[in-house]
Amino acid sequence: LPRLYSGMQPSSGSLHLGNYIGALQQWRAMQDDYDAFFSIVDLHAITVPQDPAVLREQVRTLAAQYIAGGIDPDRSCLYVQSHVGAHAQLQWLLSTITGFGEASRMTQFKDKTAKGGQEAASVGLFTYPILMAADILLYDTQVVPVGDDQKQHVELTRDLSERFNKRFGKTFTVPKPVILDSGARIYDLQNPASKMSKSAETDKGIVWLLDEPARTAKKIRSAVTDTEGSIRADKAEKPGVTNLLGILSATTGRSVDDLSAEFDGQGYGAFKTAVADAVVAELAPVRERTLELLADPAELDRLLAANADRAAEVADATLRRALEAMGLR
Ligand code: TYM
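Every value quoted in this text rests on a predicted model; they were computed, and no experiment measured them.

So, how was this worked out
Residues numbered from 1 in each chain as written. Predicted model: local features only at pLDDT ≥ 70, side-chain atom pairs only at ≥ 80, totals over all residues. Heavy atoms only, no water. Near = heavy atom within 4 Å. Polar contact = N/O pair within 3.5 Å; in protein donor to acceptor, adjacent residues only side chain to side chain. Areas by Shrake-Rupley, 256 points an atom, 1.4 Å probe, with all protein chains shown as cover. Helix = DSSP H or I, 4+ residues; strand = E, 2+ residues; numbered from the N terminus. Nonpolar A, V, L, I, M, F, W, Y, C, P; charged D, E, K, R; others polar. Phe/Tyr/Trp six-rings, centres within 6.5 Å; stacked < 30°, edge-to-face > 60°. Buried < 20%, exposed > 50% of the residue type's maximum accessible area, 1.4 Å probe, protein only. Right-handed = clockwise from strand over helix to strand, strands pointing away. Salt bridge = Lys/Arg side-chain N within 4 Å of Asp/Glu carboxyl O. Arc of directions from axis to C-beta. Contact = heavy atoms within 4.5 Å. pLDDT = per-residue confidence, 0-100. Pairing = 2+ DSSP bridges. Axes fitted to C-alpha atoms, helices over the stretch in contact; angles between N-to-C directions. Parallel < 35°, antiparallel > 145°, perpendicular 65-115°, else oblique. Left-handed = near helix turned anticlockwise from the far one by under 90°. Lys, Arg positive; Asp, Glu negative; His and termini not counted.

Enquirer: Now, about the site of the ligand: what can you tell me, with residues and values included?
Expert: Lining the immediate environment of the ligand, one finds 26 residues, of which Tyr128, Asp135, Asp149, Gln150 and Ile186 sit closest. Tyr128 has a polar side-chain atom sitting 2.7 Å from an oxygen atom of the ligand. Here a nitrogen atom of the ligand and a side-chain polar atom of Asp135 are 2.7 Å apart. Here the ligand has 720 Å² of accessible area as a free molecule, and 96% of this is covered by the chains. Elements supplying a minimum of two residues to the shell around the ligand: strand 1 (3-8), helix 1 (17-30), helix 7 (123-138) and strand 4 (143-146). Considering only residue class, the shell around the ligand consists of twelve nonpolar, ten polar and four charged.

If you want it as structure tokens, here you go:
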């Protein structure tokens, strides 16, 4: 089977609906066709300040959500990035072949420092994409399923792997991004012009996977729409309704066309109730299962340790090849 690699940051207490629909649901479907590695990228999370005790809990909580969301840890390798030392080591090697200008062109760094300024940002936040390249290259990855916000980082990874192979001899597999279904792009319920993101100013527009079902339903019923009253997809004129249609489509498996035909004319109240019901039906069992798994942290830790050993075996072999190719060791 071809090798697949992807990951998420443990930087909040719960995944949001964007991570769930935009990534986790699609990863789950890909497990059958790929030899998959899914990581919890805690080394990426510390590029902005984290409370150590909280971070430790968030790593476990994310692991539980992966499993509850359908990642099968016996089939796919689900592990924590910092448990495998090779990530940080390869990141250093790759940083020496990355141009400062090249790294400066990464838009995520520019976006993340737009408010606070670059002076206050950590060097780790700047070199974040190089660590991501190390993640991907250590596992001889062929495909990397990500949302389009991460595409530039996968392109950098391709450039670095080709450059390394050319300079030092064939060492890395050159990966390809698989951009996840753009219909799976989820927007903030209160501000449907921006992506649903944990860094939003208010929590009201974010559906957290671990929210109580009643809270989830309330957030969806309070979603911002428009005054026109018709239910159809139109991103420019009707971003709120279009987002809700996308959410309903992802949670029911029905097409947006089908859904707008059914709901148009019924009014926003009935439509929002249907969306709320569908989201709760999808998320409530995942939430329940997550809480069950979290009730036995020792078992989760055991599983993560076993999977880290599996990951390290692959990663260490690749790191050794890279070191030798560069004349080290
Ligand atoms: P992260 O943790 O920001 O996001 C995880 C995944 O969720 C997708 N996503 C969304 N999809 C749809 N709608 C949204 N509103 C939404 N918000 C987030 C993201 O596109 C992503 O696929 N740098 C990565 C983590 C990473 C990684 C890697 C990924 C580290 N190393 C190696 C792939 C391969 C990140 O911060 O994702």
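Structure's up, so let's keep going.
Enquirer: Can you lay out the packing of aromatic side chains for me, pointing to particular residues and giving the numbers?
Expert: Under the definition given, this model contains ten aromatic pairs. For the pair Tyr79 and Tyr139, a centre-to-centre distance of 5.8 Å together with 45° between the ring planes defines the contact as tilted. Placement of the pair is Tyr79 in strand 3 (residues 77-80) and Tyr139 in the loop between helix 7 and strand 4, with a sequence separation of 60 residues. Taking relative accessible area as the criterion, Tyr79 reaches 0% and is therefore assigned buried.

Enquirer: Run through the pairing of strand 1, naming residues and quoting values.
Expert: Across the six residues that make up strand 1, a large majority, five, are buried. Once you follow strand 1 into helix 1 and on to strand 2 (residues 35-40), the crossover reads as right-handed.

Enquirer: Hey, could you go over the pattern of salt bridges for me, with residue numbers and the actual values?
Expert: Per the counting criterion, the structure on display carries 24 salt bridges. Sharing partners across several salt bridges, the network here consists of Asp226, Glu228, Arg232, Asp234 and Lys238.

Enquirer: Please provide a residue-by-residue account of helix 9 (residues 213-221), values included.
Expert: Looking only at helix 9, the buried set comprises Thr216, Ala217, Lys219 and Ile220. All buried residues of helix 9 project into a common sector of 160° when viewed along the axis, lining one side. Exposed and facing more than 90 degrees away from the buried side of helix 9 are Ala214 and Lys218. Looking at the buried positions of helix 9, the neighbouring elements they touch are helix 10 (239-252) and helix 12 (268-294).

Enquirer: Describe the confidence of the model for the protein chain, listing the residues and the values that go with them.
Expert: Per-residue confidence for the protein chain gives a mean pLDDT of 96, with 99% of residues at or over 70. Our summary of model confidence lists the complex with pTM equal to 0.95 and ipTM equal to 0.98.

Enquirer: Account for the environment of Gly240, with residues named and values stated.
Expert: Secondary-structure assignment places Gly240 in helix 10. Here the alpha-carbon distance between Gly240 and Thr225, two residues 15 residues apart in the chain, equals 4.6 Å. Residues contacting Gly240, with those up to four places away along its chain left out, are Pro192 and Val224.

Enquirer: Pulling in residues and values, what's your account of the pairing of strand 3?
Expert: In strand 3, alternate side chains face the same way, and those of Cys77 and Tyr79 on one face and Leu78 and Val80 on the other are all buried. Alignment of strand 2 against strand 3, held across four bridges, turns out to be parallel. Counted as the bridge partner of Phe37 is Cys77 from strand 3.

Enquirer: How would you summarise the side chain of Thr98 if you had to cite specific residues and measurements?
Expert: With respect to the helices, strands and loops of the structure, Thr98 is situated in the loop between helix 4 (86-95) and helix 5 (100-104). The buried category is assigned to Thr98, whose relative accessible area is 13%. At 2.8 Å, the side chain of Thr98 forms a polar contact with the backbone oxygen of Leu94. In this structure, Thr98 is in contact with Ala103, Ile130, Leu160 and Arg163, ignoring residues within four places of it in sequence.

Enquirer: Lay out the packing of helix 4 against helix 13 (residues 297-325) in plain terms, naming residues and giving numbers.
Expert: In the contact formed by helix 4 and helix 13, the axes pass within 10 Å of each other and the chain directions differ by 25°. Viewed along their axes, helix 4 and helix 13 adopt a mutual orientation that is roughly parallel. Viewed along their axes, helix 4 and helix 13 form a crossing whose handedness is left-handed. Contacts between helix 4 and helix 13 involve Ala86, Gln89, Leu90 and Leu93 from the first element and Ala315, Asp316, Leu319, Ala322 and Leu323 from the second.

Enquirer: Provide a residue-level description of unusual backbone geometry, including the pertinent values.
Expert: Unusually for a residue other than glycine, Asp140 sits at a positive phi of about 50°. Here Asp140 is to be found in the loop between helix 7 and strand 4. Residue Arg329 is not a glycine yet carries a positive backbone phi of 65°. Within the element layout of this structure, Arg329 appears in the segment after helix 13.

Enquirer: Just give me the short version of the side chain of Asp42, but keep the residues and values in it.
Expert: By the element assignment, Asp42 lies in helix 2 (residues 42-45). Buried and unpaired, Asp42 has no salt bridge, with Arg56 as the nearest side chain of opposite charge at 8.3 Å. Those residues within four positions of Asp42 in sequence are excluded, and the remaining contacts are Pro10, Val59, Val80, Gln81 and Ser82.

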